[in-house]
Amino acid sequence: MLFFLILSLRKIDDLMSKLQDIDDLDRKILAILMRNAKKPYTDIAKQLFVSGGTIHVRMKKLEDAGVVKGYNLSVDHVKLGYDICAFLGIYLDKSSLYDDAAERLKDIPEVVSLHYTTGLYNIFAKILCRDTNHLREVLHDKIQKIPGIQRTETFISLEEGVDRPISLDSDPFEDEA
């Protein structure tokens, strides 16, 4: 048991060390790519007055540290025929059923985001559906049939007011210096 604790502490130390290695240039690179992931590294290099190789090396470092988890394409789901965006508050019979319920929910294509939460619900999910009939099918035929799900509360979004990445314009560690 002590071995695993020491191993875990070493992993945390390694992660903290990598995170402390994130400097102002890394934050600027991330801020640019979070606004436009298609921007060529050479253009970023020119904008930041460094070489293209520097951008590649920095991005590799950020990927290895787990800061950059992947690259996504943002699409307008309404233009793809998914007119309903809904949020579900999901009550479980027991909190210990989260892992099993989450695995089953991941298998439902309409579930696009899933969070284990505090408060009223055990799980908060975002789902996209074509219309209200599709929403009813997803709820009734898929989600509510998952063992351990006691009940759900559905909130239909009328409009998304903000969808943006976290701002990296300021240094979150500057007060610690």
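Above this text you will find the structure in question.
Quick caveat: nothing in here was measured; it's all calculated off a predicted structure. (Residues numbered from 1 in each chain as written. Predicted model: local features only at pLDDT ≥ 70, side-chain atom pairs only at ≥ 80, totals over all residues. Heavy atoms only, no water.)

(A) Here's a closer look at helix α4 (residues 52-64). Over its 13 residues, α4 runs 19 Å from end to end, which matches the ideal 18 Å to within 8%, given 1.5 Å per residue. Contacts from the buried residues of α4 go to α2 (24-35) and α3 (41-48). Just past α4, the residue Gly66 takes up positive phi, approximately 80 degrees. (Helix = DSSP H or I, 4+ residues; strand = E, 2+ residues; numbered from the N terminus. Expected span 1.5 Å × (residues − 1). Contact = heavy atoms within 4.5 Å.)

(B) Molecular detail of α3. Within α3 the residues assigned to the buried category are Ile44, Ala45 and Leu48. Taken around the axis of α3, the buried residues stretch over an arc of 100 degrees, which confines them to a single face. Turning to α3, the residues buried within the fold contact α2 and α4. Backbone geometry just downstream of α3 places Phe49 in the positive-phi region, at approximately 60 degrees. (Buried < 20%, exposed > 50% of the residue type's maximum accessible area, 1.4 Å probe, protein only. Arc of directions from axis to C-beta.)

(C) Inspection of the pairing of strand β3 (residues 123-129) at higher detail. Among the seven residues of β3, five are classified as buried, and the element is accordingly described as predominantly covered. Here seven bridges tie strand β1 (residues 84-92) to β3, and the two strands are oriented antiparallel to one another. Bridging across to β3, Ala86 finds its partner in Ile127. Pairing of strand β2 (residues 111-116) with β3 involves five bridges; the strand directions are antiparallel. In the strand pairing of β3, Tyr116 is matched with Ile123. In textbook terms, the turn of a hairpin is the stretch between consecutive antiparallel strands, and for β2 and β3 this stretch comprises six residues, one of which, Gly119, has a positive phi near 95 degrees. (Pairing = 2+ DSSP bridges.)

(D) Structural view of unusual backbone geometry. In this structure, Phe49 is a non-glycine residue whose phi angle is positive, near 60 degrees. Looking at where Phe49 falls in the secondary structure, it is placed in the loop between α3 and α4.

(E) Summary view of the environment of Lys60. Along the chain, Lys60 turns up in helix α4. Judged by its relative accessible area of 46%, Lys60 falls in the partly exposed class. Within the structure, Lys60 has its side chain in polar contact with the side chain of Asp64 (distance 2.9 Å). (Polar contact = N/O pair within 3.5 Å; in protein donor to acceptor, adjacent residues only side chain to side chain.)

(F) Structural context of the packing of α2 against α3. The geometry of α2 relative to α3 is characterised by a closest axis approach of 11 Å and an angle of 130 degrees between their N-to-C directions. Overall, the two elements α2 and α3 adopt an arrangement that is oblique. Viewed along their axes, α2 and α3 form a crossing whose handedness is right-handed. From α2, Leu25, Lys28, Ile29, Ile32 and Leu33 reach across to α3, where they touch Tyr41, Ile44, Gln47 and Leu48. Partitioned by chemical class, the residues of the contact of α2 with α3 number seven nonpolar, one polar and one charged. (Axes fitted to C-alpha atoms, helices over the stretch in contact; angles between N-to-C directions. Parallel < 35°, antiparallel > 145°, perpendicular 65-115°, else oblique. Left-handed = near helix turned anticlockwise from the far one by under 90°. Nonpolar A, V, L, I, M, F, W, Y, C, P; charged D, E, K, R; others polar.)

(G) Quick peek at the pattern of salt bridges. Scanning the model with the defined rule gives eight salt bridges in all. Residue Lys61 pairs with Asp26 through a salt bridge whose shortest N-O separation is 2.6 Å. Within this pair, whereas Lys61 is found in helix α4, its partner Asp26 is found in helix α2, the two being separated by 35 residues in sequence. Assessed through its relative accessible area of 30%, Lys61 is described here as partly exposed. Among the residues examined, Asp26 registers a relative accessible area of 0% and is labelled buried. (Salt bridge = Lys/Arg side-chain N within 4 Å of Asp/Glu carboxyl O.)

Nothing here speaks to function; it is geometry throughout.
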